[in-house]
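So you can see what is in the structure, the chains are spelled out below.
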Amino acid sequence: MKILTDAEFQKEITESELPVVVDFFATWCGPCRQMSPYVDEIAGELAGKAKIFKLDIDEAPVAPNTYGIQSIPTVLIFKNGKEVDRKVGSQPKDTLKAWIESCL
């Protein structure tokens, strides 16, 4: 699972032909740690259908500020470089995967 930097963020979401899913998290966040394995599993299951990344808000503060991330975990879905949906808060794996698939 690739963790994006601020320098990579715009390039990844604007140049991807696939939808891009970004999980905004922090290492100190309990709900983020709980959801992290689900994001990893979903990334493998949806390989070729979507690009799935993580972004540590402490290591890369520009993107969270740009997109108004106020709570974590927050997951954003981008198509053609534009945000199409977001979910805030920890989600069960099945719920998270179904939501991502509905946006693809």
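What counts, and where the lines are drawn
- Residues numbered from 1 in each chain as written.
- Predicted model: local features only at pLDDT ≥ 70, side-chain atom pairs only at ≥ 80, totals over all residues.
- Heavy atoms only, no water.
- Helix = DSSP H or I, 4+ residues; strand = E, 2+ residues; numbered from the N terminus.
- Rg over C-alpha atoms; globule rule 2.2 N^0.38 Å.
- Buried < 20%, exposed > 50% of the residue type's maximum accessible area, 1.4 Å probe, protein only.
- Contact = heavy atoms within 4.5 Å.
- Areas by Shrake-Rupley, 256 points an atom, 1.4 Å probe, with all protein chains shown as cover.
- Lys, Arg positive; Asp, Glu negative; His and termini not counted.
- Charge placed at Lys NZ, Arg CZ, Asp CG, Glu CD.
- Core = buried A, V, L, I, M, F, W, Y, C linked by side-chain atoms within 4.5 Å.
- Expected span 1.5 Å × (residues − 1).
- Disulfide = S-S within 2.5 Å.
- Pairing = 2+ DSSP bridges.
- Phe/Tyr/Trp six-rings, centres within 6.5 Å; stacked < 30°, edge-to-face > 60°.

Draft legend 1. Here's a closer look at the overall build of the chain. Along the backbone of the chain there are four helices and five strands. A globule of 104 residues ought to have a C-alpha radius of gyration of about 13 Å, and the chain, at 12 Å, matches this closely. For the chain, with 104 residues in total, the buried portion stands at 43%. In the chain, of all internal contacts separated by at least 6 residues, the share reaching a separation of at least 24 is 69%. Carbon and sulfur atoms provide 49% of the accessible area of the chain, an area that totals close to 5,500 Å². The positive charge centre, built from 12 side chains, and the negative charge centre, built from 16, are 4 Å apart in the chain.

Draft legend 2. Main features of the nonpolar core. Phe9, Val22, Phe24, Leu55 and Phe78 are the most contacted members of the largest nonpolar core, which totals 19 residues. Within the residue set of this core, elements represented by two or more residues are helix H1 (6-15), strand E2 (20-25), strand E3 (51-56) and strand E4 (74-79). Filtering out sequence-adjacent residues up to four positions away, Phe24 remains in contact with Phe9, Leu55, Ile57, Ala63, Pro64, Ile69, Ile72, Pro73, Thr74 and Leu76.

Draft legend 3. View of unusual backbone geometry. Omega for the peptide link from Ile72 to Pro73 comes to 0°, which places this bond in the cis form. Mapped onto the elements, Pro73 comes out in the loop between helix H3 (62-66) and E4. Phi at Asn80 is positive, roughly 50°, even though this residue is not glycine. Counting through the fold element by element, Asn80 comes out in the loop between E4 and strand E5 (82-88). For Asn80, a relative accessible area of 69% corresponds to the exposed category.

Draft legend 4. Broad picture of helix H2 (residues 30-45). Here H2 spans 24 Å end to end across 16 residues, near enough to the 22 Å set by a 1.5 Å rise per residue. Burial in H2 covers these residues: Cys32, Met35, Val39, Ile42 and Ala43. Elements that come into contact with the buried residues of H2 comprise E2, E3, E4 and helix H4 (93-103).

Draft legend 5. Inspection of the state of the cysteines at higher detail. By the definition in use, this model includes one disulfide. With a sulfur-sulfur separation of 2.5 Å, Cys29 is cross-linked through a disulfide to Cys32. Residues Cys29 and Cys32 are joined through a disulfide that is right-handed, its torsion about the S-S bond being 75°. Pair check on accessibility: Cys29 and Cys32 agree, each one buried.

Draft legend 6. Representation of the pairing of E5. Pairing of E4 with E5, which is carried by six bridges, proceeds in the antiparallel orientation. Following the sheet pairing, Phe78 is matched in E5 by Glu83.

Draft legend 7. Quick peek at the packing of aromatic side chains. Scanning the model with the defined rule gives four aromatic pairs in all. Relative to Phe24, the ring of Phe9 has its centre 6.1 Å away and its plane inclined at 55°; by these criteria the two rings are tilted. In this pair, Phe9 is assigned in helix H1 and Phe24 in strand E2, connecting sequence segments 15 residues apart. When its relative accessible area of 1% is taken as the criterion, Phe9 is described as buried. Given a relative accessible area of 0%, Phe24 falls into the buried group. Between Phe9 and Phe78, the aromatic rings sit 5.8 Å apart at their centres with planes inclined by 80°, giving edge-to-face as the arrangement. Within this pair, whereas Phe9 is found in helix H1, its partner Phe78 is found in strand E4, the two being separated by 69 residues in sequence. You'll find Phe9 and Phe78 in the same group, each marked buried. Three or more aromatic residues joined by ring pairs form one cluster here, namely Phe9, Phe24, Tyr67 and Phe78.

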